[in-house]
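Coordinate inspection notes
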Amino acid sequence: MWSLIVAIVVGFIAGLIARAIHPGDDKAGFIVTTLLGIAGSLLATYGGRLLGLYSNNSSAGFIASVIGAIVILFIYNLITKRSNA
């Protein structure tokens, strides 16, 4: 449970950083960016556990969370551009 809370807090910060790093004109607001960052952190945490990079009680590091948030933000932009086209 503790690792989930840490993943959410780190994801919040990672989402903000991913938004600043990711190029392009995003129309997503603050809440969507935060949720995408949390999803990226959770992706990094549970993906890392599946790959054996982390133990069951640890969460992803900050850099991995930012990378996960960038991946989620990229996918989000692909989906929203297709639906708007």
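Residues numbered from 1 in each chain as written. Predicted model: local features only at pLDDT ≥ 70, side-chain atom pairs only at ≥ 80, totals over all residues. Heavy atoms only, no water.

An unreviewed UniProt entry annotates the protein chain as GlsB/YeaQ/YmgE family stress response membrane protein originating from Acinetobacter soli NIPH 2899. Among the UniProt annotations of the protein chain, the heading Sequence similarities (unreviewed entry) holds the following wording: "Belongs to the UPF0410 family." Within the UniProt record for the protein chain, the comment given under Subcellular location (unreviewed entry) is "Cell membrane". (UniProt positions renumbered as here; feature names shortened; annotations may be inferred.)

Below, the discussion takes up the environment of Ala 69. Inspection of the secondary structure puts Ala 69 in helix H3 (residues 62-84). The class for Ala 69 is buried, based on a relative accessible area of 2%. Residues Ala 69 and Ala 14, spaced 55 residues apart in sequence, show a C-alpha to C-alpha distance of 6.4 Å. Not counting residues within four places of it along the chain, the set of residues in contact with Ala 69 comprises Ala 14, Gly 15, Ala 18, Leu 36, Gly 37 and Gly 40. (Helix = DSSP H or I, 4+ residues; strand = E, 2+ residues; numbered from the N terminus. Buried < 20%, exposed > 50% of the residue type's maximum accessible area, 1.4 Å probe, protein only. Contact = heavy atoms within 4.5 Å.)

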